[in-house]
Amino acid sequence: MDPNMEPCLVLGERKKKKTAKNKARRKKAAFEVTPGPKAHDGPVLCLHGSVFNRSVLASGSGDNMLKVWDVSSNACVHSYSHHSNKVQCVRWHPTEQAVLLSAAFDRRLGLLDVRQPGQVAWAPLAAEAESAVWSRHRPFECLTSVDNGFLTCYDVRKVANKSPPEEMALWSMQAHDVACTTVQDTPAPNCLVTAGLDG
């Protein structure tokens, strides 16, 4: 990696120029990054950009927080603290621009309208979250995978209406014997791809 390469943007942090007494030290470290007041306090575990606005980005972190960023102004627009453990996945809805899906190690799937941060709808997960995606063929469905290998499809309309937990899941299957680390639907309807720690 080129030692002179610098990031064009660092969200949630302040860039400070380093002072050096000689040219050699100045070349080695031209800048220093320090956390700003809106930065995550833990590692960033997931990112997802809005399909409606290229400057809007959502992030989830090991600090249990979910944040929405305006990349064009390098600002954190809002922080959400509805999860009680690491936020493993975050996804903007493909057709509803204010709807955000999140899943975390607290064994919960959260459905949030970012305009109403206090009204999160929940669905229980069978284990700690590994992955969550929206269905491209049925925008009212989402898919989640968890660390015991299960894959579940949820009807988010039932999640939003706070239906009984047993009615929220449309189907569930044991996709892997160990953690199912990712799920993705395909352009072909009713076809999914999963990956797991079993290789």
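Preceding this section is the structure that the text describes.
First, a word on what this report is: a plain description of the structure on this page. Because the structure is predicted, anything quoted here is derived from the model rather than measured. (Residues numbered from 1 in each chain as written. Predicted model: local features only at pLDDT ≥ 70, side-chain atom pairs only at ≥ 80, totals over all residues. Heavy atoms only, no water.)

### Details of the state of the cysteines
A covalent bond between the sulfur atoms of two cysteines is what we call a disulfide.
Thought 1: Tallying each qualifying case throughout the model produces 0 disulfides.
Thought 2: Free of any disulfide, Cys46 has its nearest neighbouring cysteine sulfur in Cys89, separated by 6.2 Å.
Thought 3: For Cys46, a relative accessible area of 10% corresponds to the buried category.
Thought 4: Between Cys142, a free cysteine, and Cys153, which holds the nearest cysteine sulfur, the sulfur-to-sulfur gap is 7.0 Å.
Thought 5: Its relative accessible area of 0% is what places Cys142 among the buried residues. (Disulfide = S-S within 2.5 Å. Buried < 20%, exposed > 50% of the residue type's maximum accessible area, 1.4 Å probe, protein only.)

### Points about the pairing of strand β16 (residues 192-196)
Thought 1: Where strand β15 (residues 180-185) lies against β16, 5 bridges are found, and the strand directions are antiparallel. Residue Val183 lies in a different strand from β16, and its bridge partner there is Thr194.
Thought 2: In sequence, β15 turns back onto β16 through a hairpin of 6 residues, with Asn190 there showing a positive phi of about 65 degrees. (Pairing = 2+ DSSP bridges. Helix = DSSP H or I, 4+ residues; strand = E, 2+ residues; numbered from the N terminus.)

### A look at the side chain of Asp63
Thought 1: With respect to the helices and strands, Asp63 occurs in the loop between β4 (56-61) and β5 (66-70).
Thought 2: In this structure Asp63 is buried but unpaired, with Lys67 as the nearest side chain of opposite charge at 5.7 Å.
Thought 3: Within polar-contact distance, the side chain of Asp63 engages the backbone nitrogen of Asp41 at 2.8 Å.
Thought 4: At 2.9 Å, the side chain of Asp63 forms a polar contact with the backbone nitrogen of Met65. (Lys, Arg positive; Asp, Glu negative; His and termini not counted. Salt bridge = Lys/Arg side-chain N within 4 Å of Asp/Glu carboxyl O. Polar contact = N/O pair within 3.5 Å; in protein donor to acceptor, adjacent residues only side chain to side chain.)

### Considerations on the packing of aromatic side chains
Thought 1: Inspection of every chain in the model, using the stated rule, returns 0 aromatic pairs.
Thought 2: Geometry around Trp122 places Arg108 over its ring, the cationic atom sitting 3.5 Å from the centre.
Thought 3: Sitting over the face of the ring of Phe140, Arg157 holds its NZ or CZ atom 3.9 Å from the ring centroid. (Phe/Tyr/Trp six-rings, centres within 6.5 Å; stacked < 30°, edge-to-face > 60°. Lys NZ or Arg CZ within 6 Å of the ring centre and 35° of its normal.)

### Some details on the sheet that holds strand β13 (residues 150-155)
Thought 1: An order of β11-β12-β13-β14 is seen for the 4 strands of this open sheet, with the pairing classed as antiparallel. At either margin of the open sheet sits one strand with a lone partner, and together these are β11 (129-134) and β14 (169-174). On average, adjacent strands in this sheet sit at an angle of 15 degrees to one another, irrespective of strand direction. (Axes fitted to C-alpha atoms, helices over the stretch in contact; angles between N-to-C directions.)

### Observations regarding a nonpolar patch on the surface
Thought 1: Taken together, the side chains of Leu170, Trp171, Met173 and Leu192 present a nonpolar region at the surface, about 330 Å² in accessible area.
Thought 2: Looking at which element gives the most residues to the nonpolar patch, the answer is β14, with 3 residues.
Thought 3: Mapped onto the elements, Trp171 comes out in strand β14. (Patch = residues over 30% accessible without salt bridge, like charges linked within 9 Å, V, L, I, M, F, W, Y side chains within 5 Å. Areas by Shrake-Rupley, 256 points an atom, 1.4 Å probe, with all protein chains shown as cover.)

### Let's talk about the nonpolar core
Thought 1: Counting 19 residues, the largest nonpolar core has Ala103, Leu109, Leu111, Leu125, Trp134 and Cys142 as the members making the most contacts within it.
Thought 2: If you list the elements that add at least two residues to this core, you get β8 (99-104), β9 (108-113), β10 (121-124), β11, β12 (141-146) and α2 (156-160).
Thought 3: Apart from residues lying up to four places away in sequence, Leu111 is in contact with Val99, Leu100, Gln119, Val120, Ala121, Trp134, Val156, Val159 and Ala160. (Core = buried A, V, L, I, M, F, W, Y, C linked by side-chain atoms within 4.5 Å. Contact = heavy atoms within 4.5 Å.)

### Thoughts on the environment of Ala103
Thought 1: Here Ala103 lies in strand β8.
Thought 2: Along the sequence, Ala103 and Val133 sit 30 residues apart, while their C-alpha atoms lie 9.8 Å from each other.
Thought 3: Those residues in contact with Ala103, other than ones at most four positions away along the chain, are His83, Val87, Gln88, Cys89, Arg108, Leu109, Leu125, Ala129 and Ala132.

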